[in-house]
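A structural walkthrough
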Amino acid sequence: TVLAYLLLIPGALVVGIFHGLFAALIALAIQKWGRMSILLAPIFWTALEWVRLVVTGQLWNALGYSQAYHPLLIQPANWGGVYAVSFLIVMINSIVALLIIRRTKWSIAVAVSTVLVVFYVIVFSKLMPASPVPTSDELSMFVVAVQPNVPMNPVKSAGEIKTLIDRHVSLSTNALKPLPGYAPQRLVIWPESPMNFTYGSNKTFQEFVANFARQNHTSLLFNSLEPAPDNGSYNSALLVNEEGRLISQYDKIRLMPFGEYVPLPQWLPGASLISGLVGEFTPGSNYTLMPFGDRKAGVFICIESAYPWIARRLSHDGADVLINISNDGYLGPTAVMRQHLANVIFRAVENGRPVLRVTNSGLSALITEDGQVNDLTEPFQADVRVWTNSRGEARDTFYTRHGDLFVHICAGITLIILGAVMARRVLDRIARFTG
């Protein structure tokens, strides 16, 4: 326990560096150009959030995520990602700071103008045109989202395993029964789970899954531990069709640090003594789209929701709907569960796709392309939801087409300003030295 708490300190220090750099940049700008330079804060903050993700692989609780549960306020994400919302938040706070330190007619005029700009940006983002994904005459797909609430303690006995599998089956079949028999597409989703299904090496489980799919006339998407090169293992999402055949596999690309791999070099003393909470996994490399009739789904697993480029790449490659399977049970009844959901909400708005979020122990939900959270489940309860998805709901946003263009512009401006400030300081020192 003591070691676990001590390991939090280096991470906090590293992440704190970027807040320190932000403060330093503001201080340098004010020193050079005066107090009005505080209006550069949103540019610096946005650029450093992106740099933090690039350098550390960590963007958890970026400032924009604080507004995830206010759909109207997060619409700028459809052109600038979560970074655009962070930018607008810091812009408003910069105006407040400016009015505190310099209350003049000019600063008041700038403050009023900035508030109006932020208002119109939010409104325009809501009305911003998007390119619709080509639709077909096909009926909606029926989706059964199963939240089995598998306990986090290791499941060892055959009796426990049978009980939990029966829970998956009963929740699924009870939800399928009321659906009309003519439905052209039915999909059951089982979430990422601590049960660790192993489809590839377990003939009995393969037969069980095939029989389930055929008997219930449904496709089945589920999480499985699959073999990887060099005796490794993938954390995978597998799709079995109505005929009981495996037709698609997505291997998790971005793994959870200290959960699924240890991000420490092996030469570091004591590194070999630390193991992943879940195990040691091999990262996948292919952004696989899963076919459902003539439509496609992009599946991302658990913490991959915190990496904007994964959902964007799947959407850009042609996904009509996004599916996030996750296991948040290890987090316990903490605020982190809602923070994780906040990431998924942004992935929906950024890419103009509904996201079907199916979790082991909550929070499961259907998230619309404009960020509305529907049918939210309670945490740590077995539950099931039935949703419909129409291909016409998907639309290509500016963010899907162009990615992090906005934050790249902010980063470029930051570099130019930093270069100008540092160049001036160097010239001043040279002048003092030679004078």
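Remember, predicted model here, so these are calculated numbers, not experimental data. (Residues numbered from 1 in each chain as written. Predicted model: local features only at pLDDT ≥ 70, side-chain atom pairs only at ≥ 80, totals over all residues. Heavy atoms only, no water.)

1. A few points about the packing of aromatic side chains
Across all of its chains, the model carries 14 aromatic pairs by this definition. The interplanar angle of 85° and the centroid separation of 5.2 Å between the aromatic rings of Trp79 and Phe406 together place this pair among those described as edge-to-face. Note that Trp79 is positioned in helix H4 (residues 77-101) and Phe406 in helix H11 (residues 405-434), a separation of 327 residues in sequence. The same class applies to Trp79 and to Phe406, which are both buried. Seen from their ring centres, Tyr307 and Trp309 are 5.4 Å apart, and the 55° between their planes marks the pair as tilted. Since its relative accessible area comes to 5%, Tyr307 is described here as buried. When its relative accessible area of 34% is taken as the criterion, Trp309 is described as partly exposed. These aromatic residues form a ring-pair network of at least three members: Trp190, Phe197, Tyr199, Phe205, Phe208, Phe212 and Phe222. Above the face of the Tyr69 ring, Arg338 is positioned so that its terminal group lies 4.0 Å from the ring centre. (Phe/Tyr/Trp six-rings, centres within 6.5 Å; stacked < 30°, edge-to-face > 60°. Helix = DSSP H or I, 4+ residues; strand = E, 2+ residues; numbered from the N terminus. Buried < 20%, exposed > 50% of the residue type's maximum accessible area, 1.4 Å probe, protein only. Lys NZ or Arg CZ within 6 Å of the ring centre and 35° of its normal.)

2. Digging into the pattern of salt bridges
Scanning the entire structure with this criterion turns up eight salt bridges. With a closest N to O distance of 2.9 Å, Arg357 and Asp328 form a salt bridge. Taken as a pair, Arg357 in strand S10 (residues 355-359) and Asp328 in the loop between strand S9 (321-326) and helix H9 (336-351) lie far apart in primary sequence, 29 residues in all. A salt bridge links Asp396 to Arg353, with the shortest nitrogen-to-oxygen separation between them at 2.7 Å. Of this pair, Asp396 sits in strand S14 (residues 395-396) while Arg353 sits in the loop between H9 and S10, placing them 43 residues apart in sequence. Relative accessible area serves as the criterion here: at 22%, Asp396 is assigned to the partly exposed category. (Salt bridge = Lys/Arg side-chain N within 4 Å of Asp/Glu carboxyl O.)

3. As for empty space enclosed by the protein
Summed over all chains, the structure comprises two cavities of 30 Å³ or more. The computed volume of the largest cavity comes to approximately 60 Å³. Taken together, Phe18, His19, Phe22, Trp45, Leu48, Glu49 and Arg52 make up the lining of the largest cavity. Going through the elements one at a time, helix H2 (8-33) and helix H3 (41-56) are the ones with two or more residues in the lining of the largest cavity. (1 Å grid on protein atoms, 1.4 Å probe; cavity = no way out; pocket = protein on both sides within 12 Å on 5 of 7 lines; lining within 4 Å. Points joined across faces, edges and corners; volume = space filled by probe spheres on them.)

4. So, the side chain of His340
One can find His340 in helix H9. Overall, His340 belongs to the buried group, its relative accessible area being 2%. Within polar-contact distance, the side chain of His340 engages the side chain of Asp328 at 3.0 Å. When sequence neighbours within four positions are dropped, the list of residues in contact with His340 reads Trp60, Cys302, Ile303, Ser305, Ser326, Asp328 and Arg357. (Polar contact = N/O pair within 3.5 Å; in protein donor to acceptor, adjacent residues only side chain to side chain. Contact = heavy atoms within 4.5 Å.)

5. Let's talk about the sheet that holds strand S8 (residues 295-301)
Ordered in space as S7-S8-S9-S10-S11-S12, the six strands form an open sheet in which the pairing is mixed. Because the sheet does not close on itself, it has two edges, and the strands there are strand S7 (289-292) and strand S12 (373-374). Against the sheet, H9 makes contact with S9, S10, strand S11 (365-367) and S12, and its axis sits at roughly 160° relative to S10, the strand it touches most. (Pairing = 2+ DSSP bridges. Axes fitted to C-alpha atoms, helices over the stretch in contact; angles between N-to-C directions.)

6. Concerning the sheet that holds strand S4 (residues 219-228)
The strands making up a sheet associate through backbone hydrogen bonding, with each pair oriented either parallel or antiparallel. If you walk across this open sheet you meet the six strands as S6-S5-S4-S3-S2-S13, and the pairing is mixed. Each edge of the open sheet is held by one strand with a lone partner, namely strand S6 (246-251) and strand S13 (383-389). Averaged over all neighbouring strand pairs, the angle between strand axes comes to 30°, with direction disregarded. Pairing geometry for strand S5 (residues 232-240) and S6, over five bridges, is antiparallel. Among the inter-strand pairings, Val240 is bridged to a residue of S6, identified as Leu246. Sitting on the sheet, helix H6 (residues 158-176) is in contact with strand S2 (141-147), strand S3 (186-189) and S13, with an inclination near 150° to S2.

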